[in-house]
Amino acid sequence: MKTKKIPSRICVGCGGKKEKQDMVRVVKTAENGICLDMTGKMNGRGAYVCRNAECLQRAVSGRGLERSLKTTVPADVIESLKKEMSGIEAG
């Protein structure tokens, strides 16, 4: 019996490679909105970040998130992403 392949992704913050289900996807939608995608299935360009605020901060400060999404990320959107991420860490 064949084992099922588990997809892995690279974090744009720390550069670590983890399983897709252990990461959070940040999506740039067709309307140029940026949000967290918990399902991993939203339409749009995505970038993966580990499930902690430190990696999100590294992705923002190192411009890895902007490079992956191919757009600038406004400061208010960054703050809302940080709030959502802190909710994920707590829950």
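Residues numbered from 1 in each chain as written. Predicted model: local features only at pLDDT ≥ 70, side-chain atom pairs only at ≥ 80, totals over all residues. Heavy atoms only, no water.

Caption draft 1: Main features of the environment of Lys 4. As for its position among the elements, Lys 4 is in the segment before strand E1 (8-10). On the basis of relative accessible area, Lys 4 is assigned to the exposed category, the value being 77%. (Helix = DSSP H or I, 4+ residues; strand = E, 2+ residues; numbered from the N terminus. Buried < 20%, exposed > 50% of the residue type's maximum accessible area, 1.4 Å probe, protein only.)

Caption draft 2: Up close: the nonpolar core. Formed by 22 residues in total, the largest nonpolar core has its most connected members in Val 26, Ile 34, Val 49, Leu 65 and Leu 81. Elements represented by at least two residues in this core include exactly strand E3 (23-28), strand E4 (34-37), strand E5 (45-50), helix H1 (53-61), helix H2 (64-69) and helix H3 (75-90). Here Ile 34 is in contact with Val 26, Val 27, Lys 28, Leu 69, Thr 71, Thr 72, Val 73, Val 77 and Leu 81, once residues within four sequence places are set aside. (Core = buried A, V, L, I, M, F, W, Y, C linked by side-chain atoms within 4.5 Å. Contact = heavy atoms within 4.5 Å.)

Caption draft 3: Molecular detail of the sheet that holds E4. Taken in spatial order, the three strands of this open sheet run E4-E3-E5, and their pairing is antiparallel. Bordering the open sheet on either side are E4 and E5, each of which pairs with just one other strand. When strand polarity is set aside, the average angle formed by the axes of neighbouring strands in this sheet is 30°. As defined by bridge partners, E3 adjoins E4 across four bridges and the pair is classed as antiparallel. Paired with Val 27 across the bridge in E4 is Cys 35. (Pairing = 2+ DSSP bridges. Axes fitted to C-alpha atoms, helices over the stretch in contact; angles between N-to-C directions.)

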